[in-house]
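# Summary of structural features
Here's the letter readout for the chains.
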Amino acid sequence: MQTIEFTGKLTESDTKRHLSHVFTVPEGVQSITIELTHAPHKAPGQPYPNQVSLSLFDSNGSRGARHNNPDQSIRLTHHTASKGYLPGTLLPGEWDVVLDTHRILGDDFTYTITVTLSEEEVPDDAPIDHTPGTTVDRGPGWYRGDLHSHTNHTDGKLDVAELAQYARDFKLDFLALTDHNTVSPLAEFYSYANDDLVTIGGMELTTYYGHCLALGTSEWQEWRLVKGLTMPDLAQRIMDSGAFYVIAHPRSIGDPRCTGCRWEFDDMMPGNAPAVEVWNGLWNERNAEGVALFYEWLNAGHRMVCTAGTDLHAYPRGNIRGAAVNVVYAEHYSAEGILAGLRKGNSYLSAGPMIEMKLSDENGNVARIGDTLPGSNVSYNITVSEFEPGDTLRVIADGTVVETITPDGSHSMSGRYAPNRWMTFEVHDKAGDMRLITNPVFVNRS
Ligand SMILES: [Zn+2]
Ligand SMILES: [Zn+2]
């Protein structure tokens, strides 16, 4: 048995750092235990508690993190791991336990990290079998799902099985699990895929200056701006790996209340981002600002798509009216199929209504939402179901509301506009809250 202790004293200026604590794991180690203690929980006179978490790396790369969870103790054997961390061979060599200082308020913060390496055999240390479930491809169609959720591997309340149950209870066709800075729940998550549920692996890069989603990955993604990396670099790495990159809740409340939650990357407005989550959780003013930002970026000539996500951290209680699903046209009912539809923007976000659209240009070319019409005039014919009394349809061209329609009994509407670049359609309830927003259809002008 070997015990290594690291201690430190930090001040407010140490906020948003990644503090390395390197130790060596010799041959023959059967278990690693790491304990973190820190004080004070909240400095006198400060409005918010200090927030730190541990990220663990072996000589091969990330072994996980448990972001924003009060339990920061880690235990690894060759086959088991605490929530947030990956089981697997305890590789001999240099390991690093990193203290991520998301928020330090006050100038008297102390911490101790105690690492214990044990060569004692661990009884019953057997591999856990998570056989991935399979889904029969139903072929082309419109599929509904949630692209942003969390479990107790980070700061969520649900375990992975309960999260899968949420997807079944709400009749979702697909669900993405995007825990903060770790992919540790994904092996179990994939075991819940079946003919009625496509599971999409992911990770929420929970940086100090904004959050973003990597969707369609089982691999840990570097989320830190270390070794000269910029956010555009991190995004490019994610896209090069084949995953889909989404800026999350860009207009969220930020520091110090929700530290790092607001998008503050000046070199990524939107930079190389192909997508932005404009509807996070229940509809609110910050989401409205997200839509305005999305429209601003479209007007600046960025071809992007928008997404929604509940950002679920606990089982939804009662009515979740106001949260949106992504309704995606996919050629295949599979994770790859859903992601391909999302990439093309063949999707809309809805808190209830369903929309059927026929879009064409003056030359008779037809398009799906998200596509580009070769001509410059967009003729639309729209049928909205689940319309409620007081709901209105807004027709948006280049970010401007060009028409507000209160539908008649048939709930079918048609018209023709000549936007410079793009058009979207929104449904609002009588209080003005968003009930549905489509991705843009683009025209070939400019
Ligand atoms: Zn977030
Ligand atoms: Zn989240």
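First, a word on what this report is: a plain description of the structure on this page.

Reading the values: the criteria
- Residues numbered from 1 in each chain as written.
- Chains lettered and ligands numbered in written order.
- Predicted model: local features only at pLDDT ≥ 70, side-chain atom pairs only at ≥ 80, totals over all residues.
- Heavy atoms only, no water.
- Donors = N, O, S within 2.8 Å, 3.2 Å for Na, K, Ca; no water.
- Tetrahedral: all angles 85-135°; square planar, octahedral: opposite > 155°, others 65-115°.
- Core = buried A, V, L, I, M, F, W, Y, C linked by side-chain atoms within 4.5 Å.
- Buried < 20%, exposed > 50% of the residue type's maximum accessible area, 1.4 Å probe, protein only.
- Helix = DSSP H or I, 4+ residues; strand = E, 2+ residues; numbered from the N terminus.
- Contact = heavy atoms within 4.5 Å.
- Arc of directions from axis to C-beta.
- Polar contact = N/O pair within 3.5 Å; in protein donor to acceptor, adjacent residues only side chain to side chain.
- Pairing = 2+ DSSP bridges.
- Salt bridge = Lys/Arg side-chain N within 4 Å of Asp/Glu carboxyl O.
- Disulfide = S-S within 2.5 Å.
- Axes fitted to C-alpha atoms, helices over the stretch in contact; angles between N-to-C directions.

## Some remarks on the coordination of the zinc ion (ligand 2)
At this site the zinc ion (ligand 2) is bound by His148 (NE2), His150 (NE2), Glu204 (OE) and Asp311 (OD), with donor distances of 2.1 Å. Coordination geometry of the zinc ion (ligand 2): the 4 donor atoms subtend angles of 83 to 172° at the metal centre, consistent with an arrangement described as irregular. In the primary structure, the donors to the zinc ion (ligand 2) are separated according to the pattern H-x1-H-x53-E-x106-D. Between the zinc ion (ligand 2) and the zinc ion (ligand 1) the interatomic distance amounts to 3.5 Å, and Glu204 serves as a bridging ligand to the pair.

## Details of the nonpolar core
Within the largest apolar cluster, 78 residues are counted, with the highest numbers of intra-cluster contacts made by Tyr245, Trp279, Tyr380 and Met423. Examining the composition of this core, we find that 6 residues originate from one element, helix α4 (residues 285–299), more than from any other. Excluding residues within four positions of it along the chain, Tyr245 makes contact with Cys212, Leu213, Met231, Ala235, Ile238, Met239, Trp263, Met268, Ala273, Pro274 and Ala275. Core analysis: the second largest hydrophobic core is formed by 26 residues, Phe23, Leu56, Val97 and Tyr111 among them.

## A look at helix α1 (residues 160–169)
Val160, Leu163, Ala164, Tyr166 and Ala167 are the residues of α1 that are buried. For α1, the buried positions fall inside an angular range of 150° around the axis, keeping them on one side. The N-cap residue of α1 is Asp159: its side-chain oxygen and the backbone nitrogen of Ala161 are 3.2 Å apart. Positive backbone phi, at 55°, marks Lys171, one or two positions downstream of α1.

## Here's the deal with the coordination of the zinc ion (ligand 1)
Ideal coordination angles are 109.5 degrees for a metal with four donors arranged tetrahedrally and 90 or 180 degrees for a metal with six donors arranged octahedrally. Looking at the zinc ion (ligand 1), one finds its protein donor set to be Glu204 (OE), His211 (ND1) and His249 (NE2), positioned 2.1 Å from the metal centre. Linear spacing of the donor residues for the zinc ion (ligand 1) on their chain is E-x6-H-x37-H.

## Concerning the sheet that holds strand β20 (residues 366–367)
Taken in spatial order, the 4 strands make up an open sheet running β20-β19-β22-β25, and their pairing is antiparallel. Each having just a single partner strand, β20 and β25 (412–417) make up the two edges of the open sheet. Relative to strand β22 (residues 378–385), strand β19 (residues 354–360) runs antiparallel, the two sharing 7 bridges. Looking at the pairing, Ser360 lines up with Ser379 of β22.

## A word on the pattern of salt bridges
Under the defined criterion, the tally for this structure stands at 9 salt bridges. Ionic pairing is found between Asp58 and Arg63, a salt bridge with its closest N-O pair at 2.9 Å.

## Considering unusual backbone geometry
Leave glycine aside and you will find that most residues have negative phi; peptide bonds, for their part, are mostly trans. Cis geometry is adopted by the peptide bond preceding Pro256, which originates at Asp255 and carries an omega value of -10°. Along the chain, the position of Pro256 falls in the loop between β14 (244–247) and β15 (275–280). Cis geometry marks the peptide bond from Met269 to Pro270; its omega dihedral reads -5°. Tracing the sequence through the fold places Pro270 in the loop between β14 and β15. Of note in this structure, Asp124 is not a glycine but carries a positive phi near 60°. Note on placement: Asp124 falls in the loop between β9 (109–118) and β10 (141–146).

## Focus on the state of the cysteines
Counting across every chain of the model gives 1 disulfide. Cys258 shares a disulfide with Cys261; S-S distance 1.9 Å. The sign of the -55° torsion about the S-S bond sets the Cys258-Cys261 disulfide as left-handed. The class for Cys261 is buried, based on a relative accessible area of 6%. Distance from the sulfur of Cys306, which forms no disulfide, to the nearest cysteine sulfur (Cys212) is 17 Å. Residue classification places Cys306 among the buried residues on the basis of a relative accessible area of 0%.

## Remarks on the sheet that holds strand β1 (residues 2–10)
Within a sheet, each strand pairs with its neighbour through backbone hydrogen bonds, oriented either parallel or antiparallel. Strand order across the open sheet formed by 4 strands is β1-β9-β4-β7, with antiparallel pairing between neighbours. Two strands in the sheet have a free side with no partner beyond their single neighbour: β1 and β7 (74–77). This sheet shows a mean twist of 10° between the axes of neighbouring strands, independent of strand direction. For strand β4 (residues 31–39) and β7, the ladder comprises 4 bridges, and the chain directions are antiparallel.

## Observations concerning the environment of Leu76
Counting through the fold element by element, Leu76 comes out in strand β7. For Leu76, a relative accessible area of 0% gives the class buried. Separated by 13 residues in the primary sequence, Leu76 and Arg63 have C-alpha atoms spaced 9.6 Å apart. Ignoring any residue separated from it by four or fewer positions in sequence, one finds Leu76 in contact with Gln30, Ser31, Ile32, Leu56, Arg63, Ala81, Tyr85, Leu86, Leu90 and Trp95.

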